[in-house]
Amino acid sequence: MLFKNFSAYLQRIEKTTLRLEITDLLSQLFSKLTPTEGKLASYLLLGQLAPNYQGVEFNLATKTMIKIVSRTYNLPEEEVKKRYKDVGDLGEVVWQVASKKGEKDKLTIKEVYRHLYQVAQEEGEGSVERKQYLMAGLLRQLDPLSGKYVVRIPLGKLRLGFSQLTILDALSWRLVGDKSWRPLLEKAYNVRSDIGIIVEVVLNHLREEKQLEELKKLLGKMTVQPGVPIRPALASRLPNFEEIMSKLPQAGIEPKYDGLRTQIHAWREQYKKRNALFSKETDVKVKIFSRNLEDLTLMFPEVKESAIELVEKFNLRGVILDSESISFDPQTGSFFPFQETIKRKRKYNVTKLRQQLPVRTYVFDILYFNGEDLLTQPLSRRRSHLDELLAKPVGCLNLTPQHLVKEKKEMETLFDEYVSAGLEGIMVKKLDSVYQAGARNFNWVKFKPSALASVEDTFDLVVLGWYQGKGKRNKFGVGAFLVGVYNPREDNYLTISKIGTGLTDNQWRELHQHCLQIKAPHKLVNYVVPKELACDFWAEPALVVEIKADEITHSPLHTSGYALRFPRLVRFRDDKLPTQATTPEEIKEMMT
Ligand code: AMP
């Protein structure tokens, strides 16, 4: 397909505010693409070139893109800047200035993709210059509409207002004319974490006109693979111990550490590779992924070394571990708060950071063991592997203790113990539960002290936009901001609170800085916001904030149906994706 025709679809998608229509348009688009085109298009639709975990990044700032636009269309930089300031979107600027040039596009989706990939690949000295040159070369070959979208992609501002889930719905529509195949497709996506592969498999299947049963088998075979991250299982919450006991009568209680989620893959490419016997170098490969599936391997060398040690100690073919890594004070051994651990999420000065903020990794699950996919095994069986492997700590890898409890009293005692030891709370896990990748359900329930103090707990909410500052707060640039929950059923965001107090001066300043980076020129189509709450400025769904509130109430105004009383900001959650924010279901559960 020509990129020009692809862009025409993007334009139609951008113009609609109806999710059903978006799904329908995507489904129509997929019907016109080859499997490879479908794969590449699905990345582009999400403003990416590859799945998150492959870390393919453009590293092109708006400032550089302004230079590119000026160079491509022979306009003074000042004029591009001025137009950008007026419309708030460089794509729109390209659309305005390129339209004078007339049509001339012959590039296909694949060719544009390849060009963009080349731009992303440029790194090192002089790379900014080379990126500019390549981008300008690409834009010159494109018609205005294609230019508009191509400029937005590297800036991460495509703003089509949907996530992977809507793409899965569109595939389901292509297959059976409704959404009924989404759970099956989602299951495969959750273990492969690569939307492109799922699109390719489905389009291939459609092209070969095989039976649906065949596809079901094929998707079922998409199991875990060392090196390929699995979307992490998430925890729900319940309001008190009674509810927890009644929902999870056979439960294992674990401490909840307030660190960073680390999914550790350690494996041998070729088991017993011949020359490995003679070589001192290890043949064990390690990858560490964050909760968002970013590659953290270089940032946690001690975790990598320990994972290698584990594989060698037990002569394993491979393991995938789920764990929490938390930094501690090397002098006293006591844990540092989350704000310190997150400092380890840096690519530079790793050696120094490793000394200042060493981490201990608490392993609480195992998803793959020596060729066996353990996702469908009950937690108790998965834990028995862990009990063996980590009976003694290996390097920085420790076993997360788990206590089986039958009585509410025992749960309360454990909770008190962990909280007084400075931990965040407890995780309660159903012993016979499978590992449901990517799912937030009641297999795992988190319980923190805030839930006891008549405070309902904290919520991870997405910043949807903000309001101009008035009076004193004018100096911060933000007077109040609007936050929402993520509704995975509809792939949209519903409002829950307009927050105008509960931040320190520094937090207001930091919020403003964050907001400026994610400013959008208009409300996104998957933001369901009542007229009364329309923001002065809109934000891309990119910033998650942890908000504490005294109470949840029913609300006729907010589109989630709920509002928060006395909300205040606890912290910015850089480690969470907007699609991992609190859901309306969770809020509902807290109300009952
Ligand atoms: P939350 O971030 O509040 O949704 O809580 C879930 C997070 O707690 C997980 O994503 C883990 O990063 C972290 N966590 C800490 N301890 C545990 C544990 N024992 N089991 C599972 N997750 C844990």
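Structure: above.
Please read these numbers as outputs of a predicted model, since none were measured by experiment.

## Observations regarding the pattern of salt bridges
According to the stated counting rule, one finds 46 salt bridges in the structure shown. Of the charged contacts, one joins Glu213 and Lys216 as a salt bridge, the two residues approaching to 3.9 Å between their closest N and O atoms. Here Glu213 pairs with Lys216, and both are found in helix 13 (residues 212-220), just 3 residues apart, close to one helical turn. By relative accessible area, which is 36% here, Lys216 ends up partly exposed. Here Arg261 ties to Asp322 by a salt bridge, and the two come within 2.7 Å at their closest N and O atoms. Of this pair, Arg261 sits in strand 3 (residues 260-268) while Asp322 is found in strand 5 (residues 318-327), placing the two residues 61 residues apart along the sequence. As far as burial versus exposure is concerned, Arg261 and Asp322 are alike and both buried. Taken together, the shared-partner salt bridges connect Lys256, Asp258, Glu424, Lys448, Glu546, Arg571, Arg573 and Asp575 into one network.

## A few points about the environment of Arg19
Along the chain, Arg19 turns up in helix 2 (residues 19-31). Owing to a relative accessible area of 17%, Arg19 belongs among the buried residues under this scheme. Along the sequence, Arg19 and Phe162 sit 143 residues apart, while their C-alpha atoms lie 8.3 Å from each other. Only 2.8 Å separates the side chain of Arg19 from the backbone oxygen of Glu490, close enough to count as a polar contact.

## Structural notes on the layout of surface pockets
Roughly 360 Å³ of volume is contained in the second largest pocket. Within the residue set of the lining of the second largest pocket, elements represented by two or more residues are helix 5 (77-87), helix 20 (505-517) and strand 15 (519-520). Counting contributing residues per domain, the lining of the second largest pocket is built from domain 1 (47-155) and domain 3 (459-591), each supplying no fewer than three.

Definitions and limits used
- Residues numbered from 1 in each chain as written.
- Predicted model: local features only at pLDDT ≥ 70, side-chain atom pairs only at ≥ 80, totals over all residues.
- Heavy atoms only, no water.
- Salt bridge = Lys/Arg side-chain N within 4 Å of Asp/Glu carboxyl O.
- Helix = DSSP H or I, 4+ residues; strand = E, 2+ residues; numbered from the N terminus.
- Buried < 20%, exposed > 50% of the residue type's maximum accessible area, 1.4 Å probe, protein only.
- Polar contact = N/O pair within 3.5 Å; in protein donor to acceptor, adjacent residues only side chain to side chain.
- 1 Å grid on protein atoms, 1.4 Å probe; cavity = no way out; pocket = protein on both sides within 12 Å on 5 of 7 lines; lining within 4 Å.
- Points joined across faces, edges and corners; volume = space filled by probe spheres on them.
- Domains from an automatic or database assignment.

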